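Fold and contact review
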Amino acid sequence: MVKQSILSAENDYRALDIWLAENRITKLLLVCDGALRFLSIRNYFAELPERLGVGVVKFDDFQPNPLYESVVEGVALFHQEQCEAIIAVGGGSAMDVAKCIKLYSNMDSSRNYLEQPIVPNDVKLLAIPTTAGTGSEATRYAVIYYNGVKQSVADESCIPSAVLMDSSVLKTLPLYQKKSTMLDALCHALESFWSVNSTDESKAYSRSAIAIILSHMAGYLANDDDANEAMLRAANIAGKAINITQTTAGHAMCYKLTSLYGIAHGHAAALCDRVLFPWMVENTDKCIDPRGEEYLKQTFCEIAQAMGCSTQEQACDKFGAIMDSLQLDIPEASDDTYNVLKTSVNPTRLKNHPIKLDADTIDMLYHQILSK
């Protein structure tokens, strides 16, 4: 995995000054979403040309679930303005766009970038996440849409070489968004832990992320600066975990909930994992992880330990109690909705899940997920 430098926002972003100087950056492409105008770091970029002589070219012409065409425009601007580096400020969409601009910056612009092989380049990419949840700044994945179809782009070379952790960016987040992004990070850590692709390294990341999230949850929700910074670290570490393992059934099942009900991604993922976790503990005999049922049982014990619990059952209850405390809505579903849901799951993501799931089981789980 790409070695990633973690920079501090202390002393008026002094570490970012040093990063720009060390990499001899004289002009950068700033890929940012609309949240930038609410953040204190906007002043840093506004003053950069006069203060350090570093040109800043802003690119924000993209939407949530960004389009391929937006990335093409970003690549063209990067070259037109002769930028030497990319800095991404924002949530998952800004990260996705910045990653793709980096990946495509050395490709043939006369051909579709999606049809060309990726050749790693040395364009520097620094990420400044504005939510503590997606972990996108730590993964090799990006998602863009081409002709209305989701395109998953993946390459190790698009992982940002540096990340700036700025707790002030979380100050203005609505409480619902803080809750849902925190849950996304927690679900990443849990799903990575039990994934069939887990390794000793990924499990270490998951343990660390779970411990940080649980110990700083109250402070984070109260908008404490230290807890906010800790949650940014946790999301990054959980991102490192899923970069190795990918996500599992909880994420595979949550996407349609998000599109049908308009709830946040982390909210939907947690609703799914709240039901999946205890169901899995009770059905280890259906294990399809090549390492076997006993290995899976031991993994659930390790998760419980990471959550500060004595048993797997207590860990499941603790996750449920966290969900109850956050008071997030559970949508209502009709029979027609359940029929849509049970056929919506991406089979590829189910391959990472350690317990076999068939259509009837998925239908049953959705009924439990959406039960009051």
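The structure contained in this document is the topic of the report that follows.

Description of the overall build of the protein
Each helix and strand counted, the protein has 14 helices and eight strands in total. Over its C-alpha trace the protein gives a radius of gyration of 21 Å, about what one expects of a compact globule, namely 21 Å for 372 residues. By principal-axis analysis of the C-alpha atoms, the protein measures approximately 60 × 45 × 40 Å. Burial status across the protein gives 54% buried among its 372 residues. Pairs at least 24 apart in sequence give 78% of the contacts found in the protein among residues at least 6 apart. A total accessible area of about 15900 Å² is found for the protein, and carbon and sulfur atoms account for 48% of it. Both charge centroids of the protein, one from 32 positive and one from 46 negative side chains, sit 2 Å from each other.

Quick word on the nonpolar core
Membership of the largest hydrophobic core comes to 127 residues, with the highest contact counts inside it found for Leu29, Phe45, Ile87, Ile101 and Tyr104. Ranked by residue count, the leading element in this core is helix H9 (residues 265-282), at eleven residues. When residues no more than four places from it in sequence are discounted, the contact partners of isoleucine 87 are Leu16, Trp19, Leu28, Leu29, Leu30, Val31, Phe45, Leu126 and Ile128.

What to know about the packing of aromatic side chains
Applying the stated rule across the entire model yields nine aromatic pairs. When the ring of tyrosine 104 is compared with that of tyrosine 113, the centres are 4.9 Å apart and the planes differ by 15 degrees; the resulting orientation is stacked. Look at tyrosine 104 and you get buried, because its relative accessible area is 2%. Taking relative accessible area as the criterion, tyrosine 113 reaches 4% and is therefore assigned buried. The rings of Tyr68, Tyr104, Tyr113 and Tyr146 are connected pair by pair, giving a single aromatic cluster.

Notes on unusual backbone geometry
Despite not being glycine, glutamine 246 has its phi angle at roughly 70 degrees, a positive value. As for its position among the elements, glutamine 246 is in the loop between helix H7 (225-245) and helix H8 (249-261).

Observations regarding the sheet that holds strand S8 (residues 162-165)
Strand pairing in a sheet relies on backbone hydrogen bonds, with the paired strands running either antiparallel or parallel. Taken together, six strands build an open sheet; the order of strands is S1-S8-S5-S4-S2-S3 and the sheet is parallel. Each edge of the sheet is formed by a strand with only one pairing partner; in this case those strands are strand S1 (5-8) and strand S3 (55-59). Mean inter-strand twist for the sheet, computed between neighbouring axes without regard to direction, equals 25 degrees. Pairing analysis gives two bridges linking strand S5 (residues 124-129) to S8, with the strands arranged parallel. Looking at the pairing, alanine 127 lines up with valine 163 of S8. Sitting on the sheet, helix H2 (residues 41-52) touches strand S2 (27-32), S3, strand S4 (85-90), S5 and S8, and the angle it makes with S3 is about 130 degrees. Along the sheet face, helix H4 (residues 92-104) touches S2, S3, S4 and S5 and points at about 165 degrees away from the line of S4.

Notes on helix H1 (residues 10-22)
The end-to-end C-alpha distance of H1, which contains 13 residues, comes to 18 Å, matching closely the 18 Å that a straight helix rising 1.5 Å per residue would cover. Buried residues of H1: Tyr13, Leu16, Asp17, Trp19 and Leu20, and no others. Projected down its long axis, H1 carries its buried residues within an arc of 165 degrees, all on one side. Turned more than 90 degrees off the buried face of H1, the exposed positions are Glu10, Asn11, Ala21 and Glu22. After H1 finishes, the residue arginine 24 shows a positive phi value of roughly 55 degrees.

Let's talk about the packing of helix H5 (residues 175-194) against H7
Where H5 contacts H7, the two axes come as close as 8 Å, and the packing angle between them is 40 degrees. By the criterion of interaxial angle, the relationship of H5 to H7 is oblique. The way H5 lies across H7 gives a crossing that is left-handed. Of the residues in H7, those in contact with Lys178, Met182, Ala185, His188, Ala189 and Ser192 of H5 are Asn228, Met231, Ala235, Ala238, Ala241, Ile242 and Thr245. Residue classes in the contact of H5 with H7 are distributed as eight nonpolar, four polar and one charged.

Considerations on the state of the cysteines
A covalent bond bridging the sulfur atoms of two cysteines is what the word disulfide describes. Under the counting rule described, the total for this entry stands at zero disulfides. Take cysteine 316: it sits in no disulfide, and the sulfur closest to it among the cysteines is that of cysteine 309, at 9.0 Å. Among the residues examined, cysteine 316 registers a relative accessible area of 10% and is labelled buried.

A few points about the pattern of salt bridges
Counting across every chain of the model gives eleven salt bridges. The partner of lysine 27 in a salt bridge is glutamate 81, and the shortest N-O contact between them spans 3.5 Å. Here the residue lysine 27 occupies a position in strand S2, and glutamate 81 occupies one in the loop between helix H3 (68-80) and S4, the gap between them amounting to 54 residues. Since its relative accessible area comes to 26%, glutamate 81 is described here as partly exposed. Two residues, aspartate 60 and lysine 58, come together in a salt bridge whose shortest N-O distance is 3.9 Å. Of the residues examined, aspartate 60 reaches a relative accessible area of 41% and is grouped as partly exposed. Because the salt bridges share partners, they merge into one network encompassing Lys203, Arg207 and Glu302.

Some details on the pairing of S3
Taken residue by residue, a regular strand's side chains alternate between the two faces of the sheet. Only one face of S3 is buried, namely the one carrying Gly55, Val57 and Phe59, since none of Val56 and Lys58 on the opposite face is buried. Pairing of S2 with S3, which is carried by five bridges, proceeds in the parallel orientation. Following the sheet pairing, leucine 28 is matched in S3 by valine 56.

Definitions and cut-offs
- Residues numbered from 1 in each chain as written.
- Predicted model: local features only at pLDDT ≥ 70, side-chain atom pairs only at ≥ 80, totals over all residues.
- Heavy atoms only, no water.
- Helix = DSSP H or I, 4+ residues; strand = E, 2+ residues; numbered from the N terminus.
- Rg over C-alpha atoms; globule rule 2.2 N^0.38 Å.
- Buried < 20%, exposed > 50% of the residue type's maximum accessible area, 1.4 Å probe, protein only.
- Contact = heavy atoms within 4.5 Å.
- Areas by Shrake-Rupley, 256 points an atom, 1.4 Å probe, with all protein chains shown as cover.
- Lys, Arg positive; Asp, Glu negative; His and termini not counted.
- Charge placed at Lys NZ, Arg CZ, Asp CG, Glu CD.
- Core = buried A, V, L, I, M, F, W, Y, C linked by side-chain atoms within 4.5 Å.
- Phe/Tyr/Trp six-rings, centres within 6.5 Å; stacked < 30°, edge-to-face > 60°.
- Pairing = 2+ DSSP bridges.
- Axes fitted to C-alpha atoms, helices over the stretch in contact; angles between N-to-C directions.
- Expected span 1.5 Å × (residues − 1).
- Arc of directions from axis to C-beta.
- Parallel < 35°, antiparallel > 145°, perpendicular 65-115°, else oblique.
- Left-handed = near helix turned anticlockwise from the far one by under 90°.
- Nonpolar A, V, L, I, M, F, W, Y, C, P; charged D, E, K, R; others polar.
- Disulfide = S-S within 2.5 Å.
- Salt bridge = Lys/Arg side-chain N within 4 Å of Asp/Glu carboxyl O.

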